[in-house]
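So you can see what is in the structure, the chains are spelled out below.
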Amino acid sequence: MKKRAEVVIIGGGVIGCAIAYNLAKDGVNVVVLEKRHLASGASGRCGGMIWAKWYPIETSEVMARVGNMTLNRFANLEEELETSIEYNIENTIACIKAGEEKECEPEIRELERYFDTRLEFLEPQEIKKRAPYIGVDNYESFGGYLHAGTILRASANPFLTVYALANTARRLGTTIYTDTEVTGIIVENEKVKGVQTSKGDIQTNIVVDAAGAWSADVARMAAGLKIPTRPHGEEAIVTEPLKPLQYFPGISEAWGRQTKSGQILLGEETFPEQASSYSIETTLDFLPRISEYLMQLFPSFGNINILRQWAGTQDITPDELPILGEVDEVDGLILACGFTGGFCLSQAVGEIITDIILEKDKNPDIAEALSLNRFEKKYREFPGRWYYMGVHKKIKAF
Amino acid sequence: MNSKKETIVCFCEDVTEDEIVNAIKQGFTRPVDIKNYLRPGMGPCQGRGCASQIIKLIRQVTGLPPESILPLLNRPPITPVPIGVLSKITKQEGMKR
C-alpha cells in the first residue's frame, strides 16, 4: 500500500471517482479508499437518472448553475472518457394531477427560466394520443409537461459511469484500493495528517469525505466533527424487457425510466420513519406498493413480470442540499456528501471539489452556499427534515 | 479455440465466456463486479444458470480459492412475478401500504 498521497478520497462511488478523475486530470496524486467494491453503495443501486433538479429556496440560483454544469458535463462525458456509459436523452411526460396544477405552474416557469428552455404542455387527450399505454384516467389528470430531446432529462448506466471514471483516473495515475476500510483520520493541531485503514496508514494533508450514507461516521473520525447527514433508504424494482416506449410518464410518487435494454425501472424513497438506517435489505411491503403504481401508470401491463427488487441507502441533509467544501474545525478535511440524487450531481461535484482543493476559486458562491457553515452549530445533530417543520417545501418530481 | 469465444455463459443477457474472462483479467474479480459490468445474472433467470459458471471462471483465471469468492445475492422475488399479481396482494397486518 502507498505510504503518501496528496489527496485521499474516502468512498469509491460515483462522487469519489468523479473527484478522483478531475483531480488526476490536473496531475494530482490521488488515492481512493473503498470499503467494499466500486459502486457498492448508492451509486450501484441508483436509477441512473440525470435530471435537472432545482430547489425552490434561496439557493435555487446556485443549484441551477450546479445543475447546468452537471447536465452539460454528462452530455460530453462519453467523448471525454472515450467509452460508452449508455448516455441517453429521455422523452418523458411529467404528469400533473388535477388540483396540483396551480402549485406546479410557478415551478415550471422557474425551471424554464433557469435552464433556458420551454416545456410543451399536453392536455390529457393529447397524452392519450401520443402514449396510449399511460393510464391518464387513473390520475384525474390535469395534463403533463413534455420533456423531449433536451439534456434536462437524460440517463446513463451508473456502473459503466463509475467504472469509466475509475479506469480513466487510474490511467492518469490514481490508485484505488477496494476492500479497504478507513478506521481513523489522523488529526494533529486541527490539521489532517493522514488516514488509518485496515491495510495500513497513508500520510496526506487532504482527505475528502465522499462516503455517501456513511459520511457522518467518516466525518466523526476527524476529531469528532459532527455533520448533519444521515442514511436515507430507497427501494426499486426492474421488470423484464419491453419494446421501447416513446414517452415515459413521470409521477411524483416514484422515479422511473426505461433502460437501454427495454426494462422498466421504478423506485421510491422509503418512508421517513424507516429512513435513518444503513439497511440495504428489501422489504415485502414495497413489491405490492410499487406494483400498484405500475398498474396505475400502465394499466395494460398486468402480465409484465417483475424480475427483481433491491434497496440502497444514500445520505440526506435537513435541507436536501449537498454539503461541499472545507470545514472550519479541521484543516484539510473536504466534505462531498449529503446527496440525495448524487449520481445526477456527480459531474459538477467532481469539478467543484477539484476547484476547492486546487484553490482555483472559480465558483466561490457555490462553495459558500453549500458549505457546512450554512448549518448553525445547534442544528448539526440532524433535527429532521426542515420541510416537515414548514421551512422547506417538498421538492416535486421534476 | 474459436468455439470458446462463442460459449455463452449467461443465456438471458447473451454474455460469453470470452467477455467474462476478459473482464476478470481487467480486475473485475468478484461475481458482483462482473454482474454489474456485463450483466450476467440480471435476466429472467436471475443467475440461476450462470452464477456457478462465473465463480468457476474467476477461480480458473485468478487462482483464488473458491471459498473466498462471494456468490451473487438472490434478489426477491425469487422467480419473475407479473405486476398484476403483485398489485393484488391485499394489505396485511404490519404492512405499510
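Residues numbered from 1 in each chain as written. Chains lettered and ligands numbered in written order. Predicted model: local features only at pLDDT ≥ 70, side-chain atom pairs only at ≥ 80, totals over all residues.

## Observations regarding the domain arrangement of chain A
All names here are of chain A.
Part 1 of the reasoning: When its domains are assigned, chain A resolves into domain 1 (7–82 + 157–229 + 318–389) and domain 2 (90–150 + 231–316).
Part 2 of the reasoning: Taking only C-alpha atoms, the centre of domain 1 and the centre of domain 2 are 28 Å apart.
Part 3 of the reasoning: With 20 residues of domain 1 at the interface, the matching set in domain 2 holds 19 residues.
Part 4 of the reasoning: Here the side of domain 1 that touches domain 2 is built from residues that sort into 10 nonpolar, eight polar and two charged. (Domains from an automatic or database assignment. Contact = placed C-beta atoms within 7 Å. Nonpolar A, V, L, I, M, F, W, Y, C, P; charged D, E, K, R; others polar.)

## A closer look at the pairing of strand β19 (residues 323–326) of chain A
Two faces, one strand: in a regular strand the side chains alternate between the faces of the sheet.
Residue and element names in this part refer to chain A.
Part 1 of the reasoning: Of the pairings in the sheet, the one linking β19 to strand β20 (residues 333–337) comprises four bridges and is antiparallel in character. Looking across to β20, one finds that E326 is bridged to I334.
Part 2 of the reasoning: Connecting the antiparallel pair β19 and β20 is a turn made up of six residues, with G332 showing a positive phi of about 100 degrees. (Pairing = 2+ DSSP bridges. Helix = DSSP H or I, 4+ residues; strand = E, 2+ residues; numbered from the N terminus.)

## A look at the sheet that holds strand β15 (residues 248–250) of chain A
Residue and element names in this part refer to chain A.
Part 1 of the reasoning: Within the open sheet, the four strands sit side by side as β6-β7-β5-β15. Their pairing is mixed. In this open sheet, the two strands that pair with only one neighbour each are β6 (120–122) and β15. The average angle at which neighbouring strand axes cross in this sheet is 30 degrees, direction not considered.
Part 2 of the reasoning: One ladder, built from six bridges, connects strand β5 (residues 92–97) with strand β7 (residues 141–147); its direction is antiparallel. In the strand pairing of β7, I96 is matched with G143. (Axes fitted to C-alpha atoms, helices over the stretch in contact; angles between N-to-C directions.)

## A few points about helix α9 (residues 342–357) of chain A
Residue and element names in this part refer to chain A.
Part 1 of the reasoning: Between its first and last C-alpha atoms α9 spans 20 Å; for 16 residues at 1.5 Å apiece the expected length is 22 Å, and the helix comes up short by more than 12%.
Part 2 of the reasoning: In the structure, α9 departs most strongly from a straight axis at A348, where the bend amounts to approximately 40 degrees.
Part 3 of the reasoning: Of all 16 residues in α9, 15 are buried, a share of seventy percent or more.
Part 4 of the reasoning: Looking one or two residues past α9, E359 carries a phi angle of roughly 55 degrees, positive in sign. (Expected span 1.5 Å × (residues − 1). Bend = angle between axes of the 7 residues up to and from the residue. Buried ≥ 20, exposed ≤ 12 C-beta atoms within 10 Å, placed from the backbone.)

## Details of the environment of T92 of chain A
All names here are of chain A.
Part 1 of the reasoning: Among the secondary structure elements, T92 is positioned in strand β5.
Part 2 of the reasoning: Look at T92 and you get buried, because 24 C-beta atoms sit within 10 Å.
Part 3 of the reasoning: For the pair T92 and E123, spaced 31 residues apart in sequence, the C-alpha separation works out to 14 Å.
Part 4 of the reasoning: Setting aside residues no more than four positions away along its own chain, T92 makes contact with H147, R153, Y247, F248 and G250.

## Here's the deal with the sheet that holds strand β8 (residues 153–155) of chain A
The pairing of strands in a sheet happens through backbone hydrogen bonds and is either parallel or antiparallel.
Residues and elements named next belong to chain A.
Part 1 of the reasoning: Taken in spatial order, the three strands of this open sheet run β3-β8-β4, and their pairing is antiparallel. Of all strands in the sheet, those bounded by a partner on one side alone are β3 (49–51) and β4 (88–89).
Part 2 of the reasoning: By the bridge criterion, two bridges tie β4 to β8 in an arrangement that is antiparallel. Note that in β8 the partner of I89 across the bridge is A154.

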